[in-house]
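In case you want the letters, here they are:
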Amino acid sequence: MGRMHRCSRIAPSPTGPLHLGNACTFLVNWALARNLGWRLVLRIEDLDRDRAAAAGDTGTAEILAWLGIDCDGEPVVQSERIESFAAAMGHLAREGLVYESPHSRSEVREAQEALGAPHASDAPRPFPASLRPAPGDAWRFARRDVNHRMRIDAGDERIDDEAAGPHAFRPAEVTGDFLVWTKSGIPSYQLAVTVDDIAQGVTDVVRGNDLLPSAALQSRLHRALGAEPPRWWHLPLVLDADGTRMAKRAGACSLASLREAGVDPDRVRGLVASWARGDARPEPVGPDGFRARIDPNILRSWHARASVSPPRLEERSLAWLHDS
Ligand code: GLU
């Protein structure tokens, strides 16, 4: 697919129930795509087979339909694409960018500690360059069941986020050489997401702000795979009433349980629109009404507001949802 057409994607991981935070990013993503004439594709990120199996059927298709979100074309299922990920690893290996990294977690920790500098517990601890192998055999992808890392060179990685504004990252100082293929024989999230964004012709990535630092690694991967990085649109995360991140385990606000309880999806859209716009009182809105309330400028002012006071799922909002 050419780069002429802009395209965004919805990429849920079926490892737990979808919640109101997911509804927020998915709905805004959909509204942007439909308002700006982009394609919108669906991708099921089910590489974590154990967690996906434990979660059972999360009913993604039904939930998206309930929210009024329609996607274009057939969904891509990552667990069916292992050979494409392996082919990308082959490319990276030929470029001399990836290596086998068999060190255990404790060996990595020891090497980090040997670097000397006292570390605050929350300071980033990049993978130590001392554990990078010398040029030679380890710089390959022979599909052995060991972790593989990609070499990350020093330097700023600038992300001019369409929603969150400009950010600069130094991935070599924060992550260092990062995991691209795991010893369980599957690609890491960073590799799989990048390979599939390229394969699906994704030009615009709309997702939660927790993944903003990943955009720096993914930009490097895009270039290493011969593609231009997409435009990024990272959206503020909605917090739980107690100010913590809305976790997928938050059963009470899972979309499946809201749907089963007979909640009107107009109210879910209304609540999301009120978060994005900073409206004091939500009102029910249909899909068209929701679209009419979302545009790129709204996203920028939402960020400005969220940096002062992030949107939260208040008890009274939950009560309002059920009050049909
Ligand atoms: N599948 C990831 C998640 O559910 C999102 C990946 C992405 O948008 O890049 O958190």
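Everything below is about the structure printed above this text.
None of the values given here were measured: they were computed from a predicted structure. (Residues numbered from 1 in each chain as written. Predicted model: local features only at pLDDT ≥ 70, side-chain atom pairs only at ≥ 80, totals over all residues. Heavy atoms only, no water.)

Visitor: Any chance you could explain the overall build of the chain here in plain terms?
Guide: Helix and strand counts for the chain stand at 13 helices and 10 strands. Rg of the C-alpha trace for the chain: 21 Å, near the compact-globule value of 20 Å for 324 residues, within the 12% margin. By its C-alpha atoms, the chain is 65 × 45 × 35 Å across when sized along the principal axes. Across the 324 residues in the chain, those meeting the buried criterion constitute 50%. Across the chain, every contact between residues at least 6 apart in sequence was considered, and the portion connecting residues at least 24 apart equals 79%. Of the roughly 15300 Å² of accessible surface on the chain, 49% is carried by carbon and sulfur atoms. A distance of 2 Å separates the average location of the 40 positive side-chain charges in the chain from that of its 44 negative side-chain charges. (Helix = DSSP H or I, 4+ residues; strand = E, 2+ residues; numbered from the N terminus. Rg over C-alpha atoms; globule rule 2.2 N^0.38 Å. Buried < 20%, exposed > 50% of the residue type's maximum accessible area, 1.4 Å probe, protein only. Contact = heavy atoms within 4.5 Å. Areas by Shrake-Rupley, 256 points an atom, 1.4 Å probe, with all protein chains shown as cover. Lys, Arg positive; Asp, Glu negative; His and termini not counted. Charge placed at Lys NZ, Arg CZ, Asp CG, Glu CD.)

Visitor: I would appreciate a short explanation of the site of the ligand in the present structure.
Guide: The environment of the ligand is formed by 9 residues, the closest being R9, A11, S13, E45 and R207. Between R207 and the ligand, the recorded distance is 2.8 Å, taken from a side-chain N or O atom to an oxygen atom. Notes on the ligand: free accessible area 300 Å², of which the protein chains cover 81%. In terms of residue class, the shell around the ligand is made up of 4 nonpolar, 1 polar and 4 charged. (Near = heavy atom within 4 Å. Polar contact = N/O pair within 3.5 Å; in protein donor to acceptor, adjacent residues only side chain to side chain. Nonpolar A, V, L, I, M, F, W, Y, C, P; charged D, E, K, R; others polar.)

Visitor: Please clarify how helix α10 (residues 265–277) should be interpreted in this entry.
Guide: In an α-helix, one turn spans 3.6 residues; hence positions three or four apart end up facing the same way. Helix length check: α10 (13 residues) gives 18 Å between terminal C-alpha atoms against 18 Å at 1.5 Å per residue, within 8%. Judged by how many residues are buried, α10 sits mostly within the fold: 11 of 13 residues are covered. Taken as a whole, α10 has its buried residues at P265, R267, V268, R269, G270, L271, V272, A273, S274, W275 and A276. Of the surrounding secondary structure, the elements contacted by the buried residues of α10 are α1 (20–36), α3 (60–67), α11 (287–293), α12 (296–308) and α13 (315–322). Of the residues flanking the start of α10, the one acting as N-cap is D264, its side-chain oxygen 2.9 Å from the backbone nitrogen of D266. In the segment just after α10, G278 is the residue with positive phi, at about 75°. (Expected span 1.5 Å × (residues − 1).)

Visitor: How should the packing of α10 against α13 be read in this particular structure?
Guide: The description of two packed helices rests on the angle between their axes and on the distance between the axes. Between α10 and α13, whose axes approach to 9 Å, the crossing angle comes to 150°. By the angle class used here, α10 and α13 are roughly antiparallel. Every pair of crossing elements has a handedness; the one defined by α10 and α13 is right-handed. In this structure, α10 uses R267, V268 and L271 to contact α13, whose residues at the interface are S317, W320 and L321. Broken down by class, the residue content of the contact of α10 with α13 amounts to 4 nonpolar, 1 polar and 1 charged. (Axes fitted to C-alpha atoms, helices over the stretch in contact; angles between N-to-C directions. Parallel < 35°, antiparallel > 145°, perpendicular 65-115°, else oblique. Left-handed = near helix turned anticlockwise from the far one by under 90°.)

Visitor: In this structure, what is going on with the side chain of E157? I would like to understand it.
Guide: One can find E157 in strand β6 (residues 157–161). Given a relative accessible area of 5%, E157 falls into the buried group. Polar contacts involving the side chain of E157 include one to the side chain of R220, which spans 2.7 Å. Those residues in contact with E157 that sit more than four places away from it in its chain are H167, A168, F169, P171, A216, S219, R220 and R223.

Visitor: Explanation requested: unusual backbone geometry in the structure shown.
Guide: Only a minority of non-glycine residues have a phi that is not negative, and only a minority of peptide bonds are not trans. Despite not being glycine, R143 shows a phi value in the positive range, around 60°. Mapping R143 onto the fold places it in the loop between α5 (105–114) and β5 (148–150).

Visitor: Explain α1 here, please?
Guide: Here α1 contains 17 residues, and its C-alpha end-to-end distance of 24 Å stays within 8% of the 24 Å for a straight helix at 1.5 Å per residue. Burial analysis of α1 places 15 of its 17 residues in the buried class, the great majority of the element. Just downstream of α1, G37 is the residue with a positive phi angle, here 75°.

Visitor: In this structure, what is going on with the pattern of salt bridges? I would like to understand it.
Guide: In the structure shown here, the tally under the stated rule is 23 salt bridges. The partner of R151 in a salt bridge is D153, and the shortest N-O contact between them spans 3.0 Å. Given a relative accessible area of 36%, D153 falls into the partly exposed group. What emerges from the salt-bridge pattern is a single network uniting R9, R43, E45 and D197. (Salt bridge = Lys/Arg side-chain N within 4 Å of Asp/Glu carboxyl O.)

Visitor: Whenever I open this one, the packing of aromatic side chains confuses me. Can you help?
Guide: The full count for this structure, using the stated rule, is 3 aromatic pairs. Plain terms: the ring middles of F141 and W181 are 5.0 Å apart, the flat faces sit at 70° to each other, and that makes the pair edge-to-face. Residue F141 is located in the loop between α5 and β5, and its partner W181 is located in strand β8 (residues 178–181); the two are separated by 40 residues in the primary sequence. Residues F141 and W181 agree in their burial class; the two are buried. When the ring centre of F127 is taken as reference, the NZ or CZ atom of R149 above it lies at 3.8 Å. When the ring centre of W320 is taken as reference, the NZ or CZ atom of R267 above it lies at 4.6 Å. (Phe/Tyr/Trp six-rings, centres within 6.5 Å; stacked < 30°, edge-to-face > 60°. Lys NZ or Arg CZ within 6 Å of the ring centre and 35° of its normal.)

Visitor: Would you mind going over the side chain of R269 with me for this structure?
Guide: With respect to the helices and strands, the residue R269 is situated in helix α10. A distance of 2.5 Å separates polar atoms of two side chains, one belonging to R269 and the other to D266. Looking at R269, its side chain comes within polar contact range of the main-chain oxygen of V285, at 3.0 Å. Each residue touching R269, except ones within four places of it in the same chain, is listed here: L27, W66, L67, G68, V285, G286, P287 and F290.

Purely geometric stuff here, so don't read any function into it on its own.
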